[in-house]
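Notes for the structure review
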Amino acid sequence: TDLSHIRNFSIIAHIDHGKSTLADRLIQRTGGLTDREMSAQVLDNMDIEKERGITIKAQTVRLDYVAKNGETYELNLMDTPGHVDFAYEVSRSLAACEGALLVVDAAQGVEAQTLANVYQSIEHDHEIVPVINKIDLPAAEPEKVKAEIEEVIGLDASEAVLASAKAGIGIDDILEAVVAKIPAPKGDREAPLEAMLVDSWYDPYLGVVILVRVVNGVIKKGQNIKFMIGGTEHLIDRVGCFRPKIEQLGELGPGEIGFITAQIKDISQTRVGDTITTVKNPAKEPLPGFKEVQPVVFCGLFPVDANDFEKLRESISKLRLNDASFSFEMETSAALGFGFRCGFLGLLHLEIIQERLSREYDLDLITTAPSVVYEIHMNDGTVRHLHNPADMPDANHIDYIEEPWIEAVIYCPDEYLGSILKLCQDRRGIQKNLTYVGGRAQVTYELPLNEVVFDFYDRLKSISRGYASFDYHQIGAREGDLVKMSILVNNEPVDALSMIVHRGTAESRGRGMCERLKDLIPRHLFKIPIQAAIGGKVIARETIAAMRKDVTAKCYGGDITRKKKLLEKQKEGKKRMREYGSVQIPQEAFIAALRMG
Ligand code: GDP
Ligand code: MG
């Protein structure tokens, strides 16, 4: 296709504003799928994505659109991940496009995630076409939302397209706006190949599939290519695009987006943001913007049943085939036995992996307290990177500890501001900025990452009834007064629950933890003390009273089948318990105990 007839764009939207629904509509309208094939939400192809309503992996589809001027255009629509944990992937997807549709819910208006993505889009010099979606809703206020887009984002919204992705209103107007407003890509067919690696995933039939955006030159089947940053060389065996079904093509020219395969087995060779060139006539230097993604949140994953260790190893290895940003290494714990120390991009990423392991691979797991990476500066001048509280060196040998900080932008209706400020303050936040725009507040805070990774996002959602939005980026490490807090159950330390905390919040953290564990651990035949301690000093304690009577005795007359059922149920429950000395701790306790009050 000649460059003037190509349009590359993405859709930016706050979660639930209708991005996936609109994408499906555009595919349907341009004939990529028959109505029968239009199963719900084509672009969100994983169960978890569907359930959570978020997109995790970027996907792209090519649409052929015959415009009102009679010409046929190649539209490449890129779906981008919708969560702060995946910000780098979003940035690479945006870099592959010249423009974006900004979808805003006509009843909800502009939200923080929208803002963060719009600013990123503007940084990539995108032409932004505002689309006001859900105009079919009785609560829709398109004029108000237009004004908001102009006031808050500073975009001209006078020509915003009014649409309903659900009802199929305004779809042609959107396609026409894409052709008219989004610039065609630029590129030189004769120049050495430069293609950006936008995304990659493992397909059991095709091997590693790589999504590329060709910037200059041509990529074809049979070419020997080289990853300029990764350094490996490969022979291309397939070139194509998704409609969304796979279609093989002879080549991809400048400005085009599509996929290649090259018999690559290991996804860690394909780094998002790398530049692909040819071995024969290589480009001089890689395209700008590459960044190494590093896991920021670590935790241990242990099987509840020690016999499941091999199964866990296999399952984790399989998941890793498709997700290079997730890391794992074997870990042994005195109390939990063999497991894995895993690294994630954020807490959502952690939850997704954990959920997939239990759902797709049927594993009962214990998750230890999530931890960020601390820089421990030792007295002898060496620096240790610590991401497991169990490895904390003796306090006498530590000079000082640094922890990662973030800058967070929260956007919320006025009425919730007070409780949000309090939450940030409680989490050691430093307020940087506070502005009001049309009944909403936008507040910027610097926060220690470790105060955010646990349950900050959940708390924020619940105190604002879902109206607050949150976006963050890392701003480097700062010194902090940090200590390791241990939890002792029946006088035995439970290593899975030990965590690194700020000294100032240790006591309340410890108290909350003991109180929750008291409710979560069932009574035993003996009294169980629960303590939180720093070094040898106990800072909080609770006691679980001993059980008085036989539980089964009170429930039954003589119904033998009911009794059998109950015993079976207890057996099942036992499998999900972890024994600490003589105390049984249910699986849920490990995660629930970490949620802060
Ligand atoms: P995403 O998170 O931005 O991908 O949003 P989805 O496309 O998954 O849509 C979120 C919810 O809004 C779903 O329940 C959709 O059915 C609904 N939705 C999307 N577009 C419209 C629309 O134009 N009108 C109405 N009433 N609902 C819509
Ligand atoms: Mg979606």
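Just so it is clear, the structure is predicted and the values come from calculations on it, not from any experiment. (Residues numbered from 1 in each chain as written. Chains lettered and ligands numbered in written order. Predicted model: local features only at pLDDT ≥ 70, side-chain atom pairs only at ≥ 80, totals over all residues. Heavy atoms only, no water.)

**Some points on the overall build of the chain**
In terms of helices and strands, the chain carries 15 helices and 33 strands. Counting over 597 residues, the chain shows a buried share of 54%. A separation threshold of at least 6 residues defines the contact pool for the chain, and within that pool the share at least 24 residues apart is 69%. Here the chain has roughly 26300 Å² of accessible surface; of this, 49% comes from carbon and sulfur atoms. (Helix = DSSP H or I, 4+ residues; strand = E, 2+ residues; numbered from the N terminus. Buried < 20%, exposed > 50% of the residue type's maximum accessible area, 1.4 Å probe, protein only. Contact = heavy atoms within 4.5 Å. Areas by Shrake-Rupley, 256 points an atom, 1.4 Å probe, with all protein chains shown as cover.)

**Observations regarding the UniProt feature "binding site: GTP" (unreviewed entry) in the chain**
Using the residue numbers shown here, the UniProt feature "binding site: GTP" (unreviewed entry) corresponds to D16, H17, G18, K19, S20, T21, N133, K134, I135 and D136. In this fold, N133 is placed in strand β5 (residues 127-133). Once you skip the residues sitting within four places of it in the chain, N133 turns out to touch H17, G18, V103, V104, D105, A106, A163, S164 and A165. In this fold, K134 is placed in the loop between β5 and α5 (142-153). Taking the relative accessible area as the measure of exposure, K134 reaches 23% and is therefore partly exposed. Within the local environment of K134, its side chain forms a polar contact with the side chain of D105, the two groups lying 3.2 Å apart. (UniProt positions renumbered as here; feature names shortened; annotations may be inferred. Polar contact = N/O pair within 3.5 Å; in protein donor to acceptor, adjacent residues only side chain to side chain.)

**So, the pattern of salt bridges**
A full pass over the atoms with the stated rule returns 24 salt bridges. Between E310 and R313 there is a salt bridge, and its shortest N-O distance comes to 3.4 Å. One end of the pair, E310, and the other, R313, are both in helix α7 (residues 309-321), three residues apart, so they sit about a helical turn from each other. Classification of E310 by relative accessible area gives partly exposed; the value is 42%. Here R313 falls in the partly exposed class, since its relative accessible area comes to 33%. In this structure, E331 engages R341 in a salt bridge whose closest nitrogen and oxygen atoms are separated by 3.8 Å. Note that E331 is positioned in strand β18 (residues 327-333) and R341 in strand β19 (residues 337-344), a separation of ten residues in sequence. By the burial criterion, E331 is buried, and R341 matches it. In the salt-bridge network here, residues are joined through shared partners; they are E403, R428, E451 and R509. (Salt bridge = Lys/Arg side-chain N within 4 Å of Asp/Glu carboxyl O.)

**A few points about the site of ligand 1**
Contacts to ligand 1 come from 17 residues, most closely from D16, K19, S20, T21 and D136. Within the contact set of ligand 1, an oxygen atom lies 2.8 Å away from a side-chain nitrogen or oxygen of S20. With respect to ligand 1, the backbone of A165 contributes an N or O atom lying 3.0 Å from an oxygen atom. Within the complex, the protein chains bury 80% of what would otherwise be the 580 Å² of accessible surface of ligand 1. Counting residues per element, the shell around ligand 1 draws most heavily on helix α1 (residues 19-29), which supplies three residues. Looking at the shell around ligand 1, its residues break down into three nonpolar, nine polar and five charged. (Near = heavy atom within 4 Å. Nonpolar A, V, L, I, M, F, W, Y, C, P; charged D, E, K, R; others polar.)

**Here we look at the sheet that holds strand β16 (residues 275-278)**
With respect to topology, eight strands assemble into an open sheet ordered β11-β10-β16-β7-β8-β15-β12-β13, the strand pairing being antiparallel. Sheet topology places β11 (233-235) and β13 (246-248) at the edges, where each strand pairs with a single neighbour. Each adjacent strand pair in this sheet contributes to an overall mean axis angle of 40°, direction not counted. When strand β8 (residues 207-216) meets strand β15 (residues 257-261), the two strands line up antiparallel, connected through five bridges. Its bridge partner lying in β15, V209 is registered against T261. (Pairing = 2+ DSSP bridges. Axes fitted to C-alpha atoms, helices over the stretch in contact; angles between N-to-C directions.)

**Here we look at the packing of aromatic side chains**
Both the distance between ring centres and the angle between the ring planes are used here to describe each pair of aromatic rings. With the rule as written, the count across this model stands at nine aromatic pairs. Between the aromatic rings of F328 and F340, the centroid separation amounts to 5.7 Å while the plane-to-plane angle is 80°, which identifies the pairing as edge-to-face. Of this pair, F328 sits in strand β18 while F340 is found in strand β19, placing the two residues twelve residues apart along the sequence. We classify F328 as partly exposed; its relative accessible area is 28%. Look at F340 and you get buried, because its relative accessible area is 2%. (Phe/Tyr/Trp six-rings, centres within 6.5 Å; stacked < 30°, edge-to-face > 60°.)

**Points about helix α3 (residues 87-95)**
Judged by how many residues are buried, α3 sits mostly within the fold: seven of nine residues are covered. Y88, E89, V90, S91, R92, S93 and L94 are the residues of α3 that are buried.

**Thoughts on the pairing of strand β12 (residues 238-242)**
With respect to burial, β12 is a largely interior element, four of its five residues being buried. One ladder, built from three bridges, connects β12 with β15; its direction is antiparallel. Its bridge partner being in β15, G240 is matched across the sheet by F259. Pairing between β12 and β13: three bridges, direction antiparallel. Residue pairing in the sheet places C241 in a bridge with E247 of β13. Hairpin connection, β12 to β13: the antiparallel pair is bridged by three residues.

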